[in-house]
Every structure is written in C-alpha cells, then in structure tokens.
Amino acid sequence: QVHLVESGGGSVLPGGSLKLSCAASGLTLTDYGMAWFRQAPGKEREFVAVISWGDNRIYYLESVKGRFTISRDNAKNTVYLQMNSLKPEDTAVYYCAASSRYRGVTTVQGEYSYWGQGTQVTVSS
C-alpha cells in the first residue's frame, strides 16, 4: 500500500522559510515523478513544483520561481520543498503527489496517482 506523508508545515512571518518533506512508502521514488500542489482557502488546488523521473527535469509555478526549490533524496525515499521568502499568498495546504509518467514534467493533477494528506503552511504577520 502506498503512503505519502507530508511534514514541515507551520506558521511563519512574511519573508520566512520552511522546508516541507514528503516521505514515501510502498513505492520507490526513483520510479515516479514527484510534485507539490497547494490549495488555498476558497481556491482550487494548483500545481507548485515537479521533478520528473527518467530525466530529472524540474518545473515551477511562475510565482514561486527563485523562491522554492524541489529536491529528492532517493536513499531516504523523500521529496522536499524548500520555501524561502514566503509571502502571505503562499498560505495554503501543501500536498505531495506521485506520477508514473516517464520522462517529462506534468502539471495535470489527473496524472498523479498517489497523494499525501497535506500539510498547512500559513504566512502571516
């Protein structure tokens, strides 16, 4: 059985940093593209960042480029999202997700088979 468990969320001041982790069990990260999505209150869930498998391509939502970094530690079967220079508009529940798509990145939620339960990130003064 596949489980994706996010952690690392919390409350920070604008300009602060957080590092989210997504620990996977029941699957091997090297066989999946891994992504982060987020859902703010009253809004639809949106793509944030992805790292593909097979070619390790990385792609970000335009508004987080230069501030967020996605990475993976295959030995720990864990994906990370380092978030710097956080803004109030980054406030959301953050989800990690796994896609079996080989090579290339996808931002389409329907292409992700497995999802975590989410972790809350709140950026407020």
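Details of the structure are given in the entry above.
Here is what the cut-offs are and how they apply
- Residues numbered from 1 in each chain as written.
- Predicted model: local features only at pLDDT ≥ 70, side-chain atom pairs only at ≥ 80, totals over all residues.
- Heavy atoms only, no water.
- Core = buried A, V, L, I, M, F, W, Y, C linked by side-chain atoms within 4.5 Å.
- Buried < 20%, exposed > 50% of the residue type's maximum accessible area, 1.4 Å probe, protein only.
- Helix = DSSP H or I, 4+ residues; strand = E, 2+ residues; numbered from the N terminus.
- Contact = heavy atoms within 4.5 Å.
- Salt bridge = Lys/Arg side-chain N within 4 Å of Asp/Glu carboxyl O.
- Polar contact = N/O pair within 3.5 Å; in protein donor to acceptor, adjacent residues only side chain to side chain.
- Pairing = 2+ DSSP bridges.
- Axes fitted to C-alpha atoms, helices over the stretch in contact; angles between N-to-C directions.
- Phe/Tyr/Trp six-rings, centres within 6.5 Å; stacked < 30°, edge-to-face > 60°.
- Lys NZ or Arg CZ within 6 Å of the ring centre and 35° of its normal.

Asks: Sorry, what's going on with the nonpolar core here?
Replies: As a rule of thumb, nonpolar side chains are buried together in soluble globular proteins. Counting 29 residues, the largest nonpolar core has Met34, Trp36, Leu81, Met83 and Tyr94 as its most contacted members. Contributions of two or more residues to this core are made by β3 (18-25), β4 (33-39), β5 (46-51), β7 (68-73), β8 (78-83), β9 (92-99) and β11 (119-123). Beyond its immediate stretch of four places on either side in the chain, Tyr94 contacts Glu6, Leu20, Trp36, Phe37, Arg38, Val48, Phe68, Leu81, Met83, Gly118, Thr119 and Val121. In terms of nonpolar packing, the next biggest core, distinct from the first, is built from six residues, Ala35, Phe47, Val50 and Tyr112 among them.

Asks: Could you clarify how one ought to interpret the pattern of salt bridges in this entry?
Replies: Close approach of charged atoms lets side chains of opposite charge pair. On inspection of all chains with the given rule, the structure shows five salt bridges. Ionic pairing is found between Arg67 and Asp90, a salt bridge with its closest N-O pair at 2.7 Å. Linking Arg67 in the loop between β6 (58-60) and β7 with Asp90 in the loop between β8 and β9, this pair joins segments that are 23 residues apart in sequence. Assessed through its relative accessible area of 1%, Asp90 is described here as buried.

Asks: Can you walk me through the side chain of Arg67 in this structure?
Replies: Taking the relative accessible area as the measure of exposure, Arg67 reaches 10% and is therefore buried. At a separation of 2.9 Å, a polar atom in the side chain of Arg67 contacts the main-chain carbonyl oxygen of Ser85. Residues in contact with Arg67, not counting those within four places in the same chain, are Gln82, Met83, Asn84, Ser85, Leu86, Lys87 and Asp90.

Asks: I would appreciate a short explanation of the sheet that holds β7 in the present structure.
Replies: Strand pairing in a sheet relies on backbone hydrogen bonds, with the paired strands running either antiparallel or parallel. Pairing in this open sheet of four strands is antiparallel, and the strands run β1-β3-β8-β7 from one edge to the other. Of all the strands in the sheet, just β1 (3-7) and β7 have a single pairing partner and so form its edges. Neighbour to neighbour, the strand axes of the sheet diverge by 15 degrees on average, direction disregarded. Two strands pair when backbone bridges link them, and β3 and β8 are joined in this way by six bridges, in the antiparallel orientation. The residue of β8 that forms the bridge with Ser21 is Tyr80.

Asks: For this particular structure, what's the right way to read the packing of aromatic side chains?
Replies: Centre-to-centre distance and the angle between the planes together describe a pair of aromatic rings. Going through the model one piece at a time under the given rule, you end up with seven aromatic pairs. Arranged with centres 5.9 Å apart and planes meeting at 80 degrees, the rings of Phe37 and Phe47 form a pair that is edge-to-face. In this pair, Phe37 is assigned in strand β4 and Phe47 in strand β5, connecting sequence segments 10 residues apart. With respect to class, Phe37 is no different from Phe47; both count as buried. Seen in terms of ring centroids, Tyr112 and Trp115 are 6.3 Å apart; in terms of plane orientation they differ by 65 degrees. Their pairing is edge-to-face. On the accessibility criterion, Tyr112 (5% relative accessible area) is buried. Put simply, the rings of Phe37, Phe47, Tyr59, Tyr112 and Trp115 pair up and form one aromatic cluster. Looking at Arg45, its charged tip hangs above the ring of Tyr95, at a distance of 5.2 Å from the centre. The ring of Trp115 carries Arg45 above its face, with NZ or CZ at 3.8 Å from the centroid.

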